[in-house]
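An overview of the molecular structure
Listed below are the residues making up each chain.
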Amino acid sequence: MTTEEKYMQRCLQLAQNGLGTTYPNPLVGSVIVSENDEIIGEGWHLKSGEPHAEVNAVSDAEKKGYDGDAFAKATIYVNLEPCSHTGKTPPCASMIVQKGFKKVVVGTLDPHDKVAGKGVALLKEAGIEVVVGVLENECNELNKRFFTFHRKQRPYIILKWAETSDGFIAPVTKNEQKPVWITNPYSRQVSHQLRAQENAILVGAKTVIDDNPSLTCRDWNGENPLRVVLDSRNNITPDYQVMDDAAVTLKLELSSSDTLEILNSLYQNDIQSIIIEGGTTTIQSFIDAGLWDEAYQFMGTDVLFHQGLQAPVLSGDYSMLSRKVLANDVLKIYRKK
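Everything numeric in this text was worked out from a predicted model, so none of it was measured. (Residues numbered from 1 in each chain as written. Predicted model: local features only at pLDDT ≥ 70, side-chain atom pairs only at ≥ 80, totals over all residues. Heavy atoms only, no water.)

For the rest of this paragraph, the subject is the packing of helix α4 (residues 92-99) against helix α5 (residues 118-125). Two measures define how a pair of helices packs: the angle their axes make with one another and the distance between the axes. Contact geometry of α4 with α5 gives a least axis separation of 9 Å together with a crossing angle of 20 degrees. As far as their axial angle goes, α5 and α4 are roughly parallel. With respect to the hand of their crossing, α4 and α5 are arranged in right-handed fashion. On α5, the residues touching A93, S94, I96 and V97 of α4 are G119, L122 and L123. Classifying every residue of the contact of α4 with α5 gives five nonpolar, two polar and no charged. (Axes fitted to C-alpha atoms, helices over the stretch in contact; angles between N-to-C directions. Helix = DSSP H or I, 4+ residues; strand = E, 2+ residues; numbered from the N terminus. Parallel < 35°, antiparallel > 145°, perpendicular 65-115°, else oblique. Left-handed = near helix turned anticlockwise from the far one by under 90°. Contact = heavy atoms within 4.5 Å. Nonpolar A, V, L, I, M, F, W, Y, C, P; charged D, E, K, R; others polar.)

This part covers the sheet that holds strand β5 (residues 129-132). In spatial order, the strands read β2-β1-β3-β4-β5; together these five strands make up an open sheet with mixed pairing. Two strands bound the open sheet, and with one partner strand each, they are β2 (39-44) and β5. The mean angle between the axes of side-by-side strands here comes to 15 degrees, regardless of whether they run parallel or antiparallel. One ladder, built from four bridges, connects strand β4 (residues 103-108) with β5; its direction is parallel. Following the sheet pairing, K103 is matched in β5 by E129. (Pairing = 2+ DSSP bridges.)

Taking a probe equal in size to a water molecule and rolling it over the atoms shows the remaining empty space. As a volume, the largest pocket reaches approximately 1,100 Å³. Those elements that provide at least two residues to the lining of the largest pocket are β6 (156-164), β7 (168-170), α8 (185-197), β8 (200-204), α9 (205-211), β11 (273-278) and α11 (280-288). For the lining of the largest pocket, the leading source of residues is α9, giving six residues. Considered class by class, the residues forming the lining of the largest pocket number 20 nonpolar, 18 polar and 12 charged. (1 Å grid on protein atoms, 1.4 Å probe; cavity = no way out; pocket = protein on both sides within 12 Å on 5 of 7 lines; lining within 4 Å. Points joined across faces, edges and corners; volume = space filled by probe spheres on them.)

This paragraph deals with the side chain of Q272. Considering the arrangement of structural elements, one finds Q272 in the loop between α10 (259-268) and β11. Since its relative accessible area comes to 2%, Q272 is described here as buried. A distance of 2.4 Å separates the side chain of Q272 from the backbone oxygen of P24, its partner in a polar contact. (Buried < 20%, exposed > 50% of the residue type's maximum accessible area, 1.4 Å probe, protein only. Polar contact = N/O pair within 3.5 Å; in protein donor to acceptor, adjacent residues only side chain to side chain.)

The subject of this paragraph is the UniProt feature "active site" (unreviewed entry) in the protein. UniProt records the feature "active site" (unreviewed entry) at E54, using the numbering of this structure. Its place among the elements puts E54 in helix α2 (residues 53-63). Once residues lying within four places of it in the same chain are set aside, the contact partners of E54 are S30, I76, V78, L80, P82, C92, M95 and I96. (UniProt positions renumbered as here; feature names shortened; annotations may be inferred.)

Below, the discussion takes up the pairing of strand β3 (residues 75-80). The buried fraction of β3 is high, at six of six residues. Direction of pairing for strand β1 (residues 29-33) relative to β3: antiparallel, over a ladder of four bridges. Directly across from S30, in β3, lies its bridge partner V78. Across five bridges, β3 lies against β4 in parallel orientation. Bridge pairing links V78 to V106 in β4.

With that settled, the discussion passes to the packing of aromatic side chains. Think of a pair of aromatic rings as described by two things: how far the centres are apart, and how the planes are tilted against each other in angle. The full count for this structure, using the stated rule, is six aromatic pairs. For the cation-ring pair, R188 lies above W181, with the distance from its terminal atom to the ring centre recorded as 4.2 Å. (Phe/Tyr/Trp six-rings, centres within 6.5 Å; stacked < 30°, edge-to-face > 60°. Lys NZ or Arg CZ within 6 Å of the ring centre and 35° of its normal.)

This is the structure in structure tokens:
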């Protein structure tokens, strides 16, 4: 690993501190390295409207006593191109110029039409040396949600379900237990961690009526996602948990087969990532339309239903990213190619 890659890797580590809290902004980390090859400032972006990673890195360095003379000999690293426009905060590219940095190392360019190369151009025009493309694939992966939203005009789509070892997502009848648990508490904690990391979660009306889920991340410390319910017949009343004040709920008068209309509505509502959590018909609709990016398949290996509602079946060109054992459960994560 080169020196530039080492410090870019640190930027990526810092950026992940904002996972689940930066929407609609991307995940960004920044590191300032002195002429003596020492880190003198670090920072990351935590929340929209608050200072960006580069600003926080500069503030960190200044608190340690470093000033313009130090910056003139230093290199600032950032995993995503510095912004060049004024939004809720001033442009970071202009701040970098003002502070007098001699060099800027950028992981990848920003696809947002308000930036898209303009930040790098501004830096170069000021006579600053700029290097672009260090750990570019890793930087793109980190901001897969942000990039998908701006390049494809739709959210990053994660399918998620739990199934028995004989391939069922629900039994024939549920009696008084709603929902019927297939997986163990460890799997549910991982599931709630996923909810805390993503922008929104979506289910169909049948899932709400059958299971009355809350769709919150109550088993994980994080912000609850926006809850999206497909309710084409307006059957979901205020009595259901998804309508309480634990989180915001968006009701769409669409059916699960209206995948393109659903995604357009989500895009118009600035939703960058979404978990499609149920039920089988809704998840399968997105699979059949080829509209998914990742899939989380939780399997309760000790649970058998023998009959009931079949679990979704993935199709198309995809590969398994990982396989994790969670006590007596198995989690398989897939990525669509």
